[in-house]
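# Summary of structural features
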Amino acid sequence: MSVVTFEHVGYTYSAKTPFEHEALKDLSFTLQEGRVTGLVGHTGCGKSTVAMLLDGLERPTSGRILIDGRDLWEEPKKVREIRRRIGLVFQYPEYQLFEETVEKDIAFGPRNLGKSEDEIRTLVHSAAQFVGVGEDLLKKSPFELSGGERRRAAIAGVLAMDPELLVLDEPAAGLDPRGRADILGGVCAYRREKQNRTVLLISHSMEDMARFADDLIVLKEGELLFHGTTKEVFCRPDLVREAGLALPQITRITNALCDLGIPEGITTTEEAAIEILKRLDS
Ligand SMILES: Nc1ncnc2c1ncn2[C@@H]1O[C@H](COP(=O)(O)OP(=O)(O)OP(=O)(O)O)[C@@H](O)[C@H]1O
Ligand SMILES: [Mg+2]
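Heads up: these notes are all about the structure in this document.

What counts and how
Residues numbered from 1 in each chain as written. Chains lettered and ligands numbered in written order. Predicted model: local features only at pLDDT ≥ 70, side-chain atom pairs only at ≥ 80, totals over all residues. Heavy atoms only, no water. Near = heavy atom within 4 Å. Polar contact = N/O pair within 3.5 Å; in protein donor to acceptor, adjacent residues only side chain to side chain. Areas by Shrake-Rupley, 256 points an atom, 1.4 Å probe, with all protein chains shown as cover. Helix = DSSP H or I, 4+ residues; strand = E, 2+ residues; numbered from the N terminus. Nonpolar A, V, L, I, M, F, W, Y, C, P; charged D, E, K, R; others polar. Buried < 20%, exposed > 50% of the residue type's maximum accessible area, 1.4 Å probe, protein only. Contact = heavy atoms within 4.5 Å. Salt bridge = Lys/Arg side-chain N within 4 Å of Asp/Glu carboxyl O. Core = buried A, V, L, I, M, F, W, Y, C linked by side-chain atoms within 4.5 Å. 1 Å grid on protein atoms, 1.4 Å probe; cavity = no way out; pocket = protein on both sides within 12 Å on 5 of 7 lines; lining within 4 Å. Points joined across faces, edges and corners; volume = space filled by probe spheres on them.

Turning next to the site of ligand 1. Around ligand 1, a shell composed of Tyr13, His21, Ala23, Thr43, Gly44, Cys45, Gly46, Lys47, Ser48, Thr49, Gln91 and His204 is seen. Thr43 has a polar side-chain atom sitting 2.5 Å from an oxygen atom of ligand 1. Between ligand 1 and His204 there is a distance of 3.3 Å, counted from an oxygen atom to a side-chain nitrogen or oxygen. Protein contacts shield 65% of the accessible area of ligand 1, which totals 640 Å² for the unbound molecule. If you list the elements that add at least two residues to the shell around ligand 1, you get strand S2 (21-31) and helix H1 (47-54). For the shell around ligand 1, the leading source of residues is H1, giving three residues. For the shell around ligand 1, the residue count by class is three nonpolar, eight polar and one charged.

Once that is clear, we can look at the side chain of Thr254. Residue position: Thr254 is located in helix H11 (residues 249-256). Thr254 gets classed as buried once you look at its relative accessible area, which sits at 1%. Polar contacts involving the side chain of Thr254 include one to the main-chain carbonyl oxygen of Ile250, which spans 2.7 Å. With residues near it in sequence (within four places) discarded, Thr254 still touches Ile262, Ile266 and Ala272.

Taken as a whole, this structure holds 22 salt bridges when the rule is applied. Notably, a salt bridge pairs Arg83 with Asp55, separated by 3.2 Å at the nearest N-O pair. With a gap of 28 residues between them, Arg83 in helix H2 (residues 79-83) and Asp55 in the loop between H1 and strand S4 (62-67) connect regions that are remote in the sequence. Counted as one network, the salt bridges with shared partners bring together Asp68, Arg85 and Glu164.

Moving on: the nonpolar core. If you look at the biggest cluster of nonpolar residues, it comprises 48 residues, and the most contacted ones within it are Ile106, Leu159, Leu166, Leu168, Met206 and Leu216. Broken down by element, this core gets its largest block of residues, six residues, from helix H6 (residues 147-159). Beyond its immediate stretch of four places on either side in the chain, Leu166 contacts Gly87, Val158, Leu159, Val187, Tyr190, Thr198, Val199 and Leu200. Val9, Tyr11, Ala51 and Ile86 belong to the second-largest nonpolar core, a separate cluster that totals 29 residues.

Next up on the list: the layout of surface pockets. As a volume, the largest pocket reaches approximately 770 Å³. In terms of lining, the largest pocket is formed by 25 residues, of which the most central are Phe108, Gly109, Asn112, Val158 and Met161. For the lining of the largest pocket, the secondary structure elements donating two or more residues are H2, strand S6 (86-89), helix H3 (102-112) and H6. Of the residues assigned to the lining of the largest pocket, the class counts are 14 nonpolar, five polar and six charged.

Rendered as structure tokens:
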């Protein structure tokens, strides 16, 4: 694992009822193994619906989802088996903690997968480390934690299952810049250490995408608007605007300076500083 392909996927909520809503339309893309792909788009464009379908919680209304070339729903009885290889972090996962201690909570997933006690201990500690959950927090009750700490504990619980495909739906929503960087940086560290892992990161924040995503999928009203590297998307302000999103301030400033020879699509202030200094020196 894990190359994931959406092949002409459509999904309609509450089909054939007055509440019918076509959330995804003819959606095709491939997530490459070992890359962090960002999924962006305006609210209601279908991002969480993609996450739900990837986790096999619902079946596409049309089209197919292929995992390593195999249709996820080819044998409906085996969907559970494939789901074990996929880790989904829902929006606001901190509300799903329920064990006596954080450590037991993080261990819940690997224990369910039938891992040995030794393996569980290693998985829990390594997952906790990725997102900065220290020894002191592991011994506490989840209810003694702050909101940001609870969020990190919940994400560690998914990382501890060592998923081949990790899907995170707005994992940093509502956190301050430091909290966002801790979580997203931790996810990237996980991907770096386990090189063949595939990550789909859903976020409204183009700033976060600039720092953490290799590729971007841009959705608009359930349809694919663009799929390319993050740089390619950042060179297309027209597309970003059409999707109802805004480029980070630094990209807008440097795109406006392209007459001075500064390349388009700069994603971070560090990169902008290097390019500007180059021109000042010459
Ligand atoms: N259970 C449901 N029944 C009917 N329509 C739904 C249901 N869940 C979502 N929808 C609709 O499907 C569309 C896509 O919803 P989805 O939650 O995937 O959007 P999203 O991109 O994740 O939005 P957000 O950025 O606000 O989280 C929206 O128009 C939404 O109103
Ligand atoms: Mg959503």
